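Residues per chain, in single letters:
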Amino acid sequence: MKSSGLFPFMMLLALGTLASWAVEGSGKSFKAGVCPPKESAQCLRYEKPECQSDWQCLGKKRCCPDICGIKCLDPVDTPSPTSRKPGRCPPAYGQCLMLNPPNYCEMDGQCERDLKCCVGMCGKSCVSPVKA
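Thresholds, definitions, all that
Residues numbered from 1 in each chain as written. Predicted model: local features only at pLDDT ≥ 70, side-chain atom pairs only at ≥ 80, totals over all residues. Heavy atoms only, no water. UniProt positions renumbered as here; feature names shortened; annotations may be inferred. Helix = DSSP H or I, 4+ residues; strand = E, 2+ residues; numbered from the N terminus. Buried < 20%, exposed > 50% of the residue type's maximum accessible area, 1.4 Å probe, protein only. Pairing = 2+ DSSP bridges. Disulfide = S-S within 2.5 Å.

The name given to the chain in an unreviewed UniProt entry is WAP four-disulfide core domain protein 5, and the organism recorded there is Rhinopithecus bieti. Here is the UniProt Function (unreviewed entry) comment for the chain, exactly as written: "Putative acid-stable proteinase inhibitor."

Set out below in structure tokens:
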């Protein structure tokens, strides 16, 4: 029986779809740091938003409000970093398909509010802790 050339293509397509889903996360995780403060200026024309979530921004950039719209900007450090925040990291189910998944934080103090820096399916990111 001959092997179809379509099967490897379909497998690569499925893996590519899963890889992008793993990187974007579930919408409950965020990148380290906080959005920079907006400069006080008057906007003459609002621009189309560049992003809707942090995961649409390259690298460690975050999706932030800017003077004339929403853009991918470099984050600033959190105002009061603490080394360890209360709560536990949620369990990570599954495994990333990337060889070296990026970490978007290294410690809890890089995450805003009560979020913790936790290992997820595809590297570390800031997530809501599980109550102990």
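S.K.: I tried to follow unusual backbone geometry on my own but got confused; where do I start?
M.R.: Peptide bonds are, in most cases, trans, and in most cases residues other than glycine have a negative phi. A positive phi angle, close to 50 degrees, is found at Arg113, a residue other than glycine. With respect to the secondary-structure elements, Arg113 resides in the loop between β3 (69–73) and β4 (116–120). A relative accessible area of 60% places Arg113 in the exposed class.

S.K.: In this structure, what is going on with the environment of Gly59? I would like to understand it.
M.R.: Structurally, the position occupied by Gly59 is in the loop between β1 (29–30) and β2 (62–66). For the pair Gly59 and Asp74, spaced 15 residues apart in the sequence, the C-alpha separation amounts to 9.3 Å.

S.K.: Which parts of the structure should I look at to understand the sheet that holds β1?
M.R.: Pairing between sheet strands relies on hydrogen bonds along the backbone, with the strands arranged either parallel or antiparallel. Across the sheet, 3 strands lie side by side as β1-β5-β4; this open sheet has antiparallel pairing. Since the sheet does not close on itself, it has two edges, and those belong to β1 and β4, each with one partner. Note that β4 and strand β5 (residues 123–127) share 5 bridges and pair antiparallel. If you follow Lys116 over to β5, its bridge partner there is Val127.

S.K.: Is there a simple way to explain the state of the cysteines in this structure?
M.R.: Where two cysteines share a covalent bond between their sulfur atoms, that bond is called a disulfide. Applying the stated rule across the entire model yields 8 disulfides. Disulfide pairing is shown between Cys35 and Cys64; the S-S distance is 2.1 Å. Linking Cys35 and Cys64, the disulfide has an S-S dihedral of approximately -80 degrees and is accordingly described as left-handed. Of this pair, Cys35 sits in the loop between β1 and β2 while Cys64 sits in strand β2, and the two are 29 residues apart along the sequence. For Cys35, a relative accessible area of 26% translates into the label partly exposed. Relative accessible area serves as the criterion here: at 0%, Cys64 is assigned to the buried category. The side chain of Cys111 participates in a disulfide bridge whose partner is Cys126; the two sulfur atoms lie 2.1 Å from each other. In this structure the cystine formed by Cys111 and Cys126 twists about its S-S bond by roughly -75 degrees; its chirality is therefore left-handed. Linking Cys111 in the loop between β3 and β4 with Cys126 in strand β5, this pair joins segments that are 15 residues apart in sequence.

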